[in-house]
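Tertiary structure, described
Next come the chains, spelled out residue by residue.
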Amino acid sequence: MARSSKLVNSETVQHELDKAEIKGPDAILQLSDYGLLRVGSLGPVEINWLSNNAAASLLKPGFITALEFEKQEDNWRRVSTGCHVIDKVLGGGFPVRGITELSGESSCGKTQLCLQLCLSVQYPISQGGLDAGAVYICTEDSFPAKRLQQLFTTYPQQRMSPSHIKEDLPKFGDNIFIEHVADACVLGRLPKLLSHHSVKLIVVDSIAGVFRSCYENNEMKHRAEDMRTVGGQLHKMASQYKLCVICVNQVTASDGPQRSVPALGLAWSNLVTSRIQMHRSEPDGADSASQRSLEIIFAPDLQPTSVSYTISEAGVFGLAKLN
Ligand SMILES: Nc1ncnc2c1ncn2[C@@H]1O[C@H](COP(=O)(O)OP(=O)(O)OP(=O)(O)O)[C@@H](O)[C@H]1O
């Protein structure tokens, strides 16, 4: 580590990192403060010291070339949702680093938002996309193909002003790769696909579905190991291909919208870089704009905040606050 502090015993911190198998500044920065708090016995002072030093060790002192600058930019890109209200809360969109978990009650709109991102990622970088395709891995329900078809026509109209709509819109359907898998081999064919196609978004809908079926009660340790393996693979792909990974997750023990707890427990939570939760307070059929909200629970670079949204034929769109 580049800096030291009288308050922090760097050897103890290093020991805790080694125990948790967290190697290098990249891995440290991919964890939120919440995630770091769960690493051994680190306290807020150590975490602050650790994050500052990890960031400092990545920042090269002095001049960098324009090419290096552009490469650094690639590490911090985001996929716009196509809605400036939601993007504002997300710091520009969904990040291409680490794992972003999108959790929420049934029918709150998680799948809708992910479908929308599969289109948005295909837009040019200048328009908030990443000029690349998406992989959609369904682990539970079948892929909502009809709804996606509808979005092909409705989403671009809402996303851009009519003067921007041109005939050279991306051919959305050609760049979305769909797979149905329901076990821990969920990422089996992905490496090959990623090496042959330009993909910048992976959606796993849902991550709970991967670990639901094939474990008995006495196999929880085995399940946690599989979770670490799958999480590690996703982190590796995100960093190697600089792509955005979104894991949809269900919530359990929902006792009012603020108390919903994402499924899979701590073993999974420790692997998540950013946790975003969608809420829906009324049953289907009673939709009203203010009854849905999207909340940042934790993220390394975002404030905990929330925004109301509505779902229309064109997708998920935020509602600007009235002053
Ligand atoms: N064409 C549409 N127009 C308006 N709203 C729609 C449309 N299609 C779906 N919705 C809304 O989206 C909601 C379902 O969202 P979605 O399928 O993303 O839920 P989910 O959070 O993924 O739920 P689950 O966890 O059960 O899969 C419904 O409440 C429905 O009102």
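Residues numbered from 1 in each chain as written. Predicted model: local features only at pLDDT ≥ 70, side-chain atom pairs only at ≥ 80, totals over all residues. Heavy atoms only, no water.

**A word on the site of the ligand**
In the region of the ligand, 16 residues are neighbours, and S106, S107, K110, T111 and Q112 sit closest. Within the contact set of the ligand, an oxygen atom lies 2.7 Å away from a backbone nitrogen or oxygen of S107. A total of 650 Å² of accessible area belongs to the ligand in isolation, and the protein chains cover 73% of it. Counting residues per element, the shell around the ligand draws most heavily on helix 7 (residues 110-120), at 3 residues. (Near = heavy atom within 4 Å. Polar contact = N/O pair within 3.5 Å; in protein donor to acceptor, adjacent residues only side chain to side chain. Areas by Shrake-Rupley, 256 points an atom, 1.4 Å probe, with all protein chains shown as cover. Helix = DSSP H or I, 4+ residues; strand = E, 2+ residues; numbered from the N terminus.)

**Re empty space enclosed by the protein**
For the coordinates displayed, the defined rule picks out 1 cavity of 30 Å³ or more. Roughly 40 Å³ of internal volume is contained in the largest cavity. As for the largest cavity, its lining consists of R78, L90, G93, F94, P95, S274, I276, A299, D301 and L302. Contributing elements (two or more residues each) for the lining of the largest cavity: strand 2 (94-95) and strand 10 (274-280). Among the residues forming the lining of the largest cavity, the class breakdown is 6 nonpolar, 2 polar and 2 charged. (1 Å grid on protein atoms, 1.4 Å probe; cavity = no way out; pocket = protein on both sides within 12 Å on 5 of 7 lines; lining within 4 Å. Points joined across faces, edges and corners; volume = space filled by probe spheres on them. Nonpolar A, V, L, I, M, F, W, Y, C, P; charged D, E, K, R; others polar.)

**Here we look at the domain arrangement of the chain**
Here the domain parsing of the chain yields domain 1 (10-58) and domain 2 (78-318). Summarising the inter-unit geometry, the C-alpha centres of domain 1 and domain 2 are found 27 Å apart. Counting residues at the interface gives 7 residues for domain 1 and 10 residues for domain 2. Taken over both partners, the interface formed by domain 1 and domain 2 buries close to 790 Å², and the fraction arising from carbon and sulfur atoms is 53%. The tally of links between domain 1 and domain 2 comes to 1 salt bridge. Between D26 and R97 there is a salt bridge, with the nearest N and O atoms lying 3.0 Å from each other. (Domains from an automatic or database assignment. Contact = heavy atoms within 4.5 Å. Buried area = accessible area lost by both parts, 1.4 Å probe. Salt bridge = Lys/Arg side-chain N within 4 Å of Asp/Glu carboxyl O.)

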